[in-house]
Amino acid sequence: MKTDLTDTTASKINKALVKARRAIGTPAVGMVLTLVIVTDEENAYDALKAANDASREHPSRTLVVIKRVSRSARDRTQSRLDAEVRVGAEAGTGETVVLRLYGEIVDHAQSVVLPLLLPDAPVVVWWPVDAPLDPAGDPLGALAQRRVTDTYSSEQPVRELTARSETYTPGDTDLSWTRITPWRSMLAAALDQVTCEVAAVEVEGEEFNPSCELLAMWLADRLDVPVKRSLSSGPGLTAVRMHTDSGPIVLDRADGSLATLSIQGQPDRAVALKRRDTAELIAEELRRLDPDDTYASALRFGVHRLNVSNGPAEAAEKREQPVAPPVEAAPEGPAAKGEPAVGEAPAKASAPEAAKPPALKPVPSGLSGGGKAAK
């Protein structure tokens, strides 16, 4: 059942919800939480479809907040609220209210959402796109116990991870972190099967994929070993290689669905590691609403502490390249013995000195990141 309300209020929306429940014969409210989706018109359909699919596992009241941009200056000064109330088959197993905000009310969306929250039920706010840098500081985020973002949808995912680490508040989470749950489970299970000590780890995946960075930071934080981030053509995460004192442990997924787990001294095993859709990710996040301390620890480890390179050959070449001592500045006054003074012609060098090759330029050492040497 669908009810359209134009130029309405939160009170009228609540009355429409009660009337719609009675019309379909379910006056009781059997929902466990309120899910607030903050998005734009372009991404509203996909986000709402994922939320409806997730509601089969978590019956909830879904509030979709769409902030519309007014075309003229006059329209921006006139506030208006339009709503669509959906109950029954069109709303999954819960209720759905699509809110479209116009004018000055766009800056006060929390005042519209607050009267529509389920009483005595947790609140989750999800930004599919254009999430604020500080979700807990956002007026809508302040209403929630859990705030879900997705750095994969941002234009600069790696820089977004750095901003998230600086503004992290208990209750924040990221769908890029949720995507690597099967990887983390499989790697932890692989280490439980053998008694070994991990010396180094390599995480391979496509460029600008925050899930790869988060997995690398989690491994570096938990194992306290060097973790190298190498690039591949994808899709997503493609391989994790752990170098141990009892042989390598490799989890390789080249096609995005089926992975191979290789452990020294054991036969290779096929592992199902398919790329999950958004509905599965949201359903997983709604199972636990307490703060994720593991995500917070991995996020605060820092992307800048990972070694980003194109492969092991490049890293080995950089390690083997000699580093020359720094060139000292020429002394003032008379020239040193064997060197010409400033403004004078160079003296003829002896045969052994003339055959000596020029000194190497100093090469900066340290991990490379973004094309610049780390200080």
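Presented here is an overview of the structure given in this document. (Residues numbered from 1 in each chain as written. Predicted model: local features only at pLDDT ≥ 70, side-chain atom pairs only at ≥ 80, totals over all residues. Heavy atoms only, no water.)

1. So, the overall build of the protein chain
Okay, step 1: Helix and strand content of the protein chain: 12 helices and 17 strands.
Okay, step 2: In the protein chain, which comprises 375 residues, the proportion classed as buried is 44%.
Okay, step 3: Looking at the protein chain as shown, the accessible area adds up to about 20,700 Å², and 52% of this sits on carbon and sulfur atoms. (Helix = DSSP H or I, 4+ residues; strand = E, 2+ residues; numbered from the N terminus. Buried < 20%, exposed > 50% of the residue type's maximum accessible area, 1.4 Å probe, protein only. Areas by Shrake-Rupley, 256 points an atom, 1.4 Å probe, with all protein chains shown as cover.)

2. Side note on the nonpolar core
Okay, step 1: Core analysis: the largest hydrophobic core is formed by 38 residues, its most contacted members being Val201, Val203, Leu215, Leu219, Val227 and Val240.
Okay, step 2: Going through the elements one at a time, α7 (181-193), β9 (198-206), α8 (210-223), β11 (237-244), β12 (247-252), β13 (258-263) and α10 (293-301) are the ones with two or more residues in this core.
Okay, step 3: For this core, the element with the most residues is α8, which contributes 8 residues.
Okay, step 4: The residues contacting valine 240, other than those within four sequence positions of it, are Trp183, Leu187, Val201, Glu202, Val203, Leu215, Leu219, Ile249, Val250 and Leu251.
Okay, step 5: Core analysis: the second largest hydrophobic core is formed by 30 residues, Ala16, Val85, Val106 and Leu117 among them. (Core = buried A, V, L, I, M, F, W, Y, C linked by side-chain atoms within 4.5 Å. Contact = heavy atoms within 4.5 Å.)

3. Considering unusual backbone geometry
Okay, step 1: Look at aspartate 7: it is not a glycine, yet its phi comes out positive at around 50 degrees.
Okay, step 2: Positionally, aspartate 7 belongs in the loop between β1 (2-5) and α1 (10-23).
Okay, step 3: A positive phi angle, close to 50 degrees, is found at aspartate 130, a residue other than glycine.
Okay, step 4: Tracing the backbone shows aspartate 130 in the loop between β6 (123-126) and β7 (146-149).
Okay, step 5: Judged by its relative accessible area of 68%, aspartate 130 falls in the exposed class.

4. A closer look at the sheet that holds strand β5 (residues 95-102)
Okay, step 1: Taken together, the 8 strands give an open sheet; going across it, the order is β1-β4-β5-β3-β2-β6-β7-β8, and neighbouring strands pair in mixed fashion. The strands lining the two open edges of the sheet, one partner per strand, are β1 and β8 (172-174). Adjacent strand axes in the sheet meet at a mean angle of 15 degrees when their direction is disregarded. (Pairing = 2+ DSSP bridges. Axes fitted to C-alpha atoms, helices over the stretch in contact; angles between N-to-C directions.)

5. What about the pattern of salt bridges?
Okay, step 1: Under the counting rule described, the total for this entry stands at 21 salt bridges.
Okay, step 2: For the salt bridge of arginine 21 with glutamate 95, the shortest nitrogen-to-oxygen distance reads 2.5 Å. Of this pair, arginine 21 sits in helix α1 while glutamate 95 sits in strand β5, and the two are 74 residues apart along the sequence.
Okay, step 3: Residue arginine 241 is joined to glutamate 204 by a salt bridge in which the shortest nitrogen-to-oxygen separation is 3.5 Å. Taken together, the positions of arginine 241 in strand β11 and glutamate 204 in strand β9 put the pair 37 residues apart, joining distant regions of the chain.
Okay, step 4: On the basis of relative accessible area, arginine 241 is assigned to the partly exposed category, the value being 24%.
Okay, step 5: According to the relative accessible area criterion, glutamate 204 is buried, its value standing at 18%.
Okay, step 6: Sharing partners across several salt bridges, the network here consists of Lys2, Glu41, Arg68, Glu84, Arg86 and Arg100. (Salt bridge = Lys/Arg side-chain N within 4 Å of Asp/Glu carboxyl O.)

6. Some remarks on the packing of helix α5 (residues 157-166) against α8
Each packed pair of helices is defined by two parameters, the angle between the axes and the distance between the axes.
Okay, step 1: Interaxial distance between α5 and α8 falls to 9 Å at its minimum, and their mutual angle equals 50 degrees. Considering their axes alone, α5 and α8 lie oblique with respect to each other. The two elements α5 and α8 cross, and the hand of that crossing is right-handed. The residues of α8 that touch α5, namely those facing Pro157, Val158 and Leu161, are Pro210, Glu213, Leu214 and Met217.
Okay, step 2: Counted by class, the contact of α5 with α8 contains 6 nonpolar, no polar and 1 charged residues. (Parallel < 35°, antiparallel > 145°, perpendicular 65-115°, else oblique. Left-handed = near helix turned anticlockwise from the far one by under 90°. Nonpolar A, V, L, I, M, F, W, Y, C, P; charged D, E, K, R; others polar.)

7. A short note on the environment of leucine 81
Okay, step 1: For leucine 81, the position within the fold is in strand β4 (residues 80-87).
Okay, step 2: Sequence separation between leucine 81 and valine 112 is 31 residues, and the spatial gap between their C-alpha atoms is 8.8 Å.
Okay, step 3: Apart from the residues within four sequence positions on either side, leucine 81 is in contact with Thr6, Asp7, Thr8, Thr9, Ala10, Ile13, Leu99, Arg100, Leu101 and Val112.

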